[in-house]
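# Coordinate analysis (summary)
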Protein chains: 2
Amino acid sequence: MPMATHDPAVASTAERVEQAALRLFALRGFEGTGIRSIADEAGITLGSLYHYIGTKEDLLDRLMQKSMRGLLDPGREIVETTESPRERIVKLVELHVRRHAEDNLLSIVGDAEIRSLTPARRRKAVALRDAYEALWEETISDGSRRGDFHVPDVKLATFALLEMCSGVAYWYSSNGRLSLDAITKAFVEMALSLLGVEPPVTQPDARPGGGRRRGVHP
Amino acid sequence: MPMATHDPAVASTAERVEQAALRLFALRGFEGTGIRSIADEAGITLGSLYHYIGTKEDLLDRLMQKSMRGLLDPGREIVETTESPRERIVKLVELHVRRHAEDNLLSIVGDAEIRSLTPARRRKAVALRDAYEALWEETISDGSRRGDFHVPDVKLATFALLEMCSGVAYWYSSNGRLSLDAITKAFVEMALSLLGVEPPVTQPDARPGGGRRRGVHP
DNA sequence: CTATAGCGATCGATCGACCGATTGATGGAC
DNA sequence: GTCCATCAATCGGTCGATCGATCGCTATAG
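Below, the structure is looked at part by part. Remember, it's a predicted structure, so these values are computed and weren't measured experimentally. (Residues numbered from 1 in each chain as written. Chains lettered and ligands numbered in written order. Predicted model: local features only at pLDDT ≥ 70, side-chain atom pairs only at ≥ 80, totals over all residues. Heavy atoms only, no water.)

### Observations concerning the overall build of chain A
- Of the regular secondary structure elements, chain A holds ten helices and zero strands.
- Ordered by position from N to C terminus, the α and β elements of chain A give α-α-α-α-α-α-α-α-α-α.
- A total of 218 residues make up chain A; the buried ones form 54% of that total.
- Across chain A, the fraction of contacts at a sequence separation of at least 24, relative to all contacts at a separation of at least 6, is 72%.
- For chain A, the exposed surface amounts to about 9,800 Å²; the carbon and sulfur share of it is 52%. (Helix = DSSP H or I, 4+ residues; strand = E, 2+ residues; numbered from the N terminus. Buried < 20%, exposed > 50% of the residue type's maximum accessible area, 1.4 Å probe, protein only. Contact = heavy atoms within 4.5 Å. Areas by Shrake-Rupley, 256 points an atom, 1.4 Å probe, with all protein chains shown as cover.)

### Points about the protein's contact with DNA strand D
- Around DNA strand D there are 16 residues in total, and A:Leu46, A:Lys56, B:Ser48, B:His51 and B:Tyr52 lie nearest to it.
- The sugar-phosphate backbone supplies 50% of the atoms of DNA strand D found within 4 Å of the protein.
- A:Arg36 places a side-chain nitrogen or oxygen 2.9 Å from a base oxygen of DNA strand D.
- Of all the secondary-structure elements, those providing two or more residues to the surface near DNA strand D are α2 (35-42) of chain A together with α3 (46-49) of chain B.
- Taken together, the residues that form the surface near DNA strand D break down as six nonpolar, eight polar and two charged. (Near = heavy atom within 4 Å. Polar contact = N/O pair within 3.5 Å; in protein donor to acceptor, adjacent residues only side chain to side chain. Nonpolar A, V, L, I, M, F, W, Y, C, P; charged D, E, K, R; others polar.)

### Quick word on the packing of helix α1 (residues 13-28) of chain B against helix α6 (residues 104-112) of chain B
All names here are of chain B.
- Running from amino to carboxyl end, α1 crosses α6 at an angle of 60°, the nearest separation of the two axes being 9 Å. In terms of orientation, α1 lies oblique with respect to α6. For the pair α1 and α6, the crossing hand works out as left-handed. Taking contact as the criterion, the partners of Leu22, Arg23, Phe25 and Ala26 in α1 are, on α6, Leu105, Leu106, Ile108 and Val109.
- In the contact of α1 with α6, the residues fall into seven nonpolar, no polar and one charged. (Axes fitted to C-alpha atoms, helices over the stretch in contact; angles between N-to-C directions. Parallel < 35°, antiparallel > 145°, perpendicular 65-115°, else oblique. Left-handed = near helix turned anticlockwise from the far one by under 90°.)

### Topic: helix α2 (residues 35-42) of chain B
Residue and element names in this part refer to chain B.
- Listed as buried for α2 are Ile35, Ile38, Ala39 and Ala42. The buried residues of α2 occupy an angular sector of 95° when the element is viewed end-on, so they sit on one face. Across from the buried face of α2, at angles greater than 90 degrees, the exposed residues are Arg36 and Asp40.
- Packed against the buried residues of α2 are α1, α3 and α4 (56-81).
- Following α2 by one or two positions, Gly43 adopts a phi angle in the positive range, close to 80°. (Arc of directions from axis to C-beta.)

### Section: the pattern of salt bridges
All names here are of chain A.
- In total, this model carries 32 salt bridges over all chains according to the counting rule given.
- We note a salt bridge from Lys155 to Glu137, for which the minimum N-O separation is 2.8 Å. Here Glu137 lies in helix α7 (residues 119-146) and Lys155 lies in helix α8 (residues 154-166), a separation of 18 residues in the sequence.
- Measuring nitrogen to oxygen at the nearest pair gives 3.2 Å for the salt bridge that ties Arg145 to Asp142. Separated by three residues within a single helix, Arg145 and Asp142 lie in helix α7, roughly one turn from each other.
- Classification of Asp142 by relative accessible area gives partly exposed; the value is 25%.
- One network of salt bridges, with partners in common, ties together Glu57, Asp58, Asp61 and Arg121. (Salt bridge = Lys/Arg side-chain N within 4 Å of Asp/Glu carboxyl O.)

### Section: the nonpolar core
- In terms of nonpolar packing, the biggest core is built from 140 residues, with A:Trp136, A:Met164, A:Phe187, B:Ile89, B:Trp136, B:Met164 and B:Phe187 touching the most fellow members.
- Ignoring sequence-local partners within four residues, the contact set of A:Trp136 consists of A:Ile89, A:Leu92, A:Val93, A:His96, A:Thr158, A:Leu161, A:Leu162 and A:Cys165. (Core = buried A, V, L, I, M, F, W, Y, C linked by side-chain atoms within 4.5 Å.)

### Re the protein's contact with DNA strand C
- Residues in contact with DNA strand C amount to 16 residues; listed here are only the nearest, A:Ser48, A:His51, A:Tyr52, B:Leu46 and B:Lys56.
- Where the surface near DNA strand C is concerned, the elements lending two or more residues are α3 (46-49) of chain A together with α2 of chain B.
- Residues belonging to the surface near DNA strand C are distributed by class as follows: six nonpolar, eight polar and two charged.

### Considering the packing of aromatic side chains
- Per the stated rule, a full pass over the model turns up eight aromatic pairs over all chains.
- Judged by centre distance (6.3 Å) and plane angle (70°), the rings of B:Tyr132 and B:Trp136 are edge-to-face. A residue pair is termed a helical-turn pair when its members lie 3 or 4 positions apart in one helix, as B:Tyr132 and B:Trp136 do in helix α7 (residues 119-146) at four residues. As far as burial versus exposure is concerned, B:Tyr132 and B:Trp136 are alike and both buried.
- Every member of this aromatic cluster is reached through a ring pair, and the members are A:Phe159, B:Trp171 and B:Phe187.
- Between A:Lys56 and the ring centre of A:Phe30, over which it is positioned, the NZ or CZ distance is 4.3 Å. (Phe/Tyr/Trp six-rings, centres within 6.5 Å; stacked < 30°, edge-to-face > 60°. Lys NZ or Arg CZ within 6 Å of the ring centre and 35° of its normal.)

### Examining the packing of helix α5 (residues 85-102) of chain B against α7(B)
Residue and element names in this part refer to chain B.
- The contact between α5 and α7 brings their axes to 9 Å, and the two run at 150°. By the angle between their directions, the pair α5 and α7 is classed as roughly antiparallel. Of the two possible hands of crossing, α5 and α7 adopt the one that is left-handed. Residues Pro85, Arg88, Ile89, Leu92, Val93 and His96 of α5 touch α7, and the partners they reach there are Tyr132, Leu135, Trp136, Thr139, Ile140, Asp142, Gly143 and Arg146.
- Class assignment for the residues of the contact of α5 with α7 results in eight nonpolar, three polar and three charged.

This is the structure we're talking about:
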């Protein structure tokens, strides 16, 4: 009974399965999520679940690929089409922050669950992640060589930048204190400042408090 | 047979149990770790394990408290004894980075496994974490009000700084390319630069490559 | 128009394996 | 003789995964 496949208000069962797995993997982790919970969340029974997935790990692997590709492909596009390291890093930060905010669940799974993959699949995921990080490292290295950036160490700056932008996924909420545009702009400013780009001057802001925290594991 | 309790070369069984749990929780996560694995890693049988722990979650809770206390207590000491926001943030970054490097496994567990605690214990852990983060936020807020720091938003800067320093736990290796002192110094520089502290000038470094990656989940 | 064969989707029941946790017996130390 | 540490054996429950049956739909043969 494939009910309401034509109803746009309800996603297809296959999509609901993927969304259910994504929510639960992000919230409780891959190992902490049972297949029965996934079936429940998707509104089907356990037996039916296996008409849509091969194994539980297949489900994780698909989400992981999606997460990685969503960063790597646009990242390559940026690097190929943008000449100046300064503009490149701005676009990379914008891409990374926006995706970690808008697709925060997928980003959390992509960042935190590589270890749950079996070796063969983990190797592929690690290769994608390394390729993406290499885009940042090249950019920061180029910018340092040209004298646009001034960092104590290229690799450390790469890790620091990536990590600080990834954190957005854990606290972003669409109805939080700041708009996504404002957050993105602020992270671009902080990234450029960290990289030692010329004017570190922004108007000060000393208002404390406010804002939401940790939308995913509170 | 409490073998060699007096032998300083071999830790006590209780300590070996805690270390075993720490290693496995950091490597595979709490839910991904079985109690039989912990017993194996500690060199005892499953039955014996339960002479040292109450439940598996007790073990996690103890590690979590240890992790949080190791940041919060010295953090408070720093904030109480250091006047200038600039010096305070330098010491906080040094503390955070050093601990996330030297006690990287404990830091990983403390940062990533809060979600695995049951509600009552999770609340306490979250309270400790929030108190620690508040030290950073106060410091950055004070510095911004005085005009020492220039950030687009205090709370965003707090999250960004904390997250970038926490990342160290995932790639630090004691026999890596850079010494812990060098890493700490670099992170202090990057943090001050991100905060818009006066001279962003450091000697450039454009050497690519080298160094180790992801000691924990490779 | 009806009959029926095929098909994808769904279900309840069940598999062996592993989970966290408990128990009672054994043995050495003091 | 008491006590603490250790063990093998075992508990009930849950895990991921499979199976055979059934349901509604659609295409086609008569």
